[in-house]
Amino acid sequence: MMDFSDHHGHPDEMSRPKEAIIPEHDSVVDALPGLVWTALPDGQVDFVNHQWREYTGLSGDAWQMAIQPEDLPRLLECVRSSISSGNPCEAEVRMRRFDGEFRWFAVRANPIADASGTVVKCCGLNWDIEDRKRGEELLDLAQKAARAMAFDWYIQRQINTWSPEQEALYGLPPGTFDGTYESWKNLVHPDDWPGVVTSLKHAQETGNISAEYRVVWPDGSVHWLAANGLMFFDDQGRPFRMVGFTADVTRRKQIEEELRRARSELAHVARVMSLGALTASIAHEVNQPLSGIITNASTCMRMLEADPPNVEGARETVRRTIRDGHRASDVITRLRALFSKKNTATDVVELNQATREVIALTLSELQSNRVILKTELAGDLPLVSGDRIQLQQVILNLLRNASDAMSSVDDRPRQLLIRTEPDADDGVRLSVQDTGMGFELENMNKLFEAFYTTKKDGMGIGLSVSRSIIANHRGRLWASMNDGPGATFSFSIPCHETARTDPKRAARNG
Amino acid sequence: MSTRPLISVVDDDESVRESLPDLLNEFGFDAQAFSSAEEFLASDSLSQTSCLLLDVAMPGMTGPDLQRELTVRRQKIPIVFITAHHDEAVRPHLLAQGAVECLFKPFTETDLLDALNTALRI
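Residues numbered from 1 in each chain as written. Chains lettered and ligands numbered in written order. Predicted model: local features only at pLDDT ≥ 70, side-chain atom pairs only at ≥ 80, totals over all residues. Heavy atoms only, no water.

### Some thoughts on the environment of Ile-294 of chain A
Move 1: Examined against the element boundaries, Ile-294 of chain A turns out to sit in helix α9 (residues 250-305).
Move 2: What makes Ile-294 of chain A partly exposed here is its relative accessible area of 33%.
Move 3: Through-space distance from the C-alpha of Ile-294 of chain A to that of Asp-324 of chain A is 9.7 Å; in sequence the pair is 30 residues apart.
Move 4: Leaving out residues up to four positions away in the same chain, Ile-294 of chain A has contacts with Pro-106 and Phe-107 of chain B. (Helix = DSSP H or I, 4+ residues; strand = E, 2+ residues; numbered from the N terminus. Buried < 20%, exposed > 50% of the residue type's maximum accessible area, 1.4 Å probe, protein only. Contact = heavy atoms within 4.5 Å.)

This is the structure in structure tokens:
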């Protein structure tokens, strides 16, 4: 009873909910996260909520001032059609904020009918979509900038969700891709399809799509595409959706191909150049003893044909012929030692021996450049491990550079000193010192760049190739200026593992 | 003692220095060999040499260097170059400088004899 009397004892309270309908309604409308309004068929706005007024800084009477003029006809049309048809209507318009800034809003207008069912006005809700618009613009911009197009493909349902731009990447007219796996397969270059399948299998394991493949357009032209994205799976673990970007990378691929071709041409040029110079050296080395052989044989013939025959003289010429024959044979042996080694980087190399072989083959070239060669090869040099041929190419290059650097030197001896010695940290060092023109200090680092050269007829690839060879041997190649004229180029590489643990060496060092 | 023409050989290669003089003797010439241009310039043979068989590439003074030096000294000795560098581009250059011939090693005795006969006729 108490409860009842309490409940009914205050008539004011009883009437309160009825009166509160309007203010509560208003407060709900005001609290909506959007701009609410109602409009009459003539376009007159008879209500705006608090949010609307706060955003625009205007009263409802002046509502048209809040709409971007370009967008106003669209909005009026939306209101009119909603009232006349009785159906909801949507539009996107820019609205001016109180401070003058325009932001994008989505507008949804619903018709309101009176008791008789006649539509008398419509009620609209506008919500801010500026951030979404910005995102779309950004996406659009990003897609354009990356020459990439987003795809979202429901594989099993075979729904074509490719945008016209995505279709354009495949050379297809808009709306002509039927969304089937089979159709897609037919667009991909047959040679690249196995790679695509591999990428898709990988995507099934990792969820990440990453593939580069060629597509053949209907006009027969071939284009490179790169697809990157995510794969989603259904309850049974089957892929059902792929989302990501496709980009046309034809230009990049062309550049890569040009670069690859240029690199291999460069390597070829470098090889041919050193081979050409080497061939000349070899020919010289072989021609010398051959010349001796032929001269001796001619002399021998004449001595034997004389009357009486000069047998003792002939015997001497034959002896020299044999010696020269061996000399020619030695050249060939050295040559084989230089070339017959296979292409591995695991040989045990005696650096002094390797150096002597290079010297033997370049001596004539050095001599023709009037270079006086001195050698100081350390007697107890540890073995190194590496590619003998490659190391010899480096030595050859350093010798030739040193010789070339002195080609214009006439006021002092063209002296070249090649030295080997144990280096700190269990390494072996080889240095080539010349009395040439040296180099400018500021060009020190440029020396090792490809195509940098101070020679008139140089290509500028020798030192850069040499440095990469030495780097591959875990060593380093550097240049320094001499106290006197000229420069010294040195490299240092770690010695062979067993040499380092050699007890004899350890004892010596200890 | 002899009226046979003296042929001087200047070459840093030992095989050549040992073999050529014997052949030249067989041809009927006197011959002397020198291992460098400097050695030849310092010798008595300089004024008696009828023809010079001269290597192109040598350490120190090269064959062409010696050719120039002889021109400077007004020593008109016919020169036949002998070189193991088979470089066709070098030949016309040497001939233009006044050399009688430029033989590429290895050369035949006929080529050598022809070159010497040409040189001695000058």
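### Details of the side chain of Ser-466 of chain A
All names here are of chain A.
Move 1: Position of Ser-466 among the secondary structure elements: in helix α13 (residues 462-472).
Move 2: What makes Ser-466 buried here is its relative accessible area of 2%.
Move 3: In this structure, Ser-466 is in contact with Val-394, Asn-397 and Leu-477, ignoring residues within four places of it in sequence.

### Details of the interface of chain A and chain B
How big an interface is tends to be stated in terms of the accessible area lost upon association of its parts.
Move 1: Facing the 24 residues of chain A at the interface are 24 residues of chain B.
Move 2: Inspection of the region where chain A meets chain B yields 5 salt bridges.
Move 3: If you look at where chain A meets chain B, you find 10 residue pairs in polar contact (both at pLDDT 80 or more).
Move 4: Elements supplying a minimum of two residues to the side of chain A that touches chain B: α9, α10 (311-339) and α11 (351-368) of chain A. (Salt bridge = Lys/Arg side-chain N within 4 Å of Asp/Glu carboxyl O. Polar contact = N/O pair within 3.5 Å; in protein donor to acceptor, adjacent residues only side chain to side chain.)

### Focus on the pattern of salt bridges
Move 1: Within this structure, the stated rule accounts for 41 salt bridges over all chains.
Move 2: With a closest N to O distance of 3.9 Å, Arg-103 of chain A and Asp-131 of chain A form a salt bridge. With Arg-103 of chain A in strand β4 (residues 102-113) and Asp-131 of chain A in helix α5 (residues 130-145), this residue pair connects regions lying 28 residues apart in the sequence.
Move 3: Note on Asp-131 of chain A: relative accessible area 58%, which makes it exposed.
Move 4: In this structure, Arg-327 of chain A engages Asp-13 of chain B in a salt bridge whose closest nitrogen and oxygen atoms are separated by 2.6 Å. Here Arg-327 of chain A, found in helix α10, pairs with Asp-13 of chain B, found in the loop between β1 (6-10) and α1 (14-27), and the two come from separate chains.
Move 5: Relative accessible area serves as the criterion here: at 30%, Arg-327 of chain A is assigned to the partly exposed category.
Move 6: Residue Asp-13 of chain B is classed as buried on the basis of its relative accessible area of 8%.
Move 7: Linked through salt bridges whose partners overlap, the residues forming this network are Arg-97, Asp-99, Glu-101, Arg-103, Asp-128 and Asp-131 of chain A.

### Some points on α11 of chain A
All names here are of chain A.
Move 1: The terminal C-alpha atoms of α11, which comprises 18 residues, lie 25 Å apart, in line with the 26 Å expected from a rise of 1.5 Å per residue.
Move 2: With a side-chain oxygen lying 3.2 Å from the backbone nitrogen of Asn-352, the N-terminal cap of α11 falls on Glu-350.
Move 3: Looking one or two residues past α11, Arg-370 carries a phi angle of roughly 60 degrees, positive in sign. (Expected span 1.5 Å × (residues − 1).)

So far we have only geometry, and geometry alone does not tell us how the molecule works.
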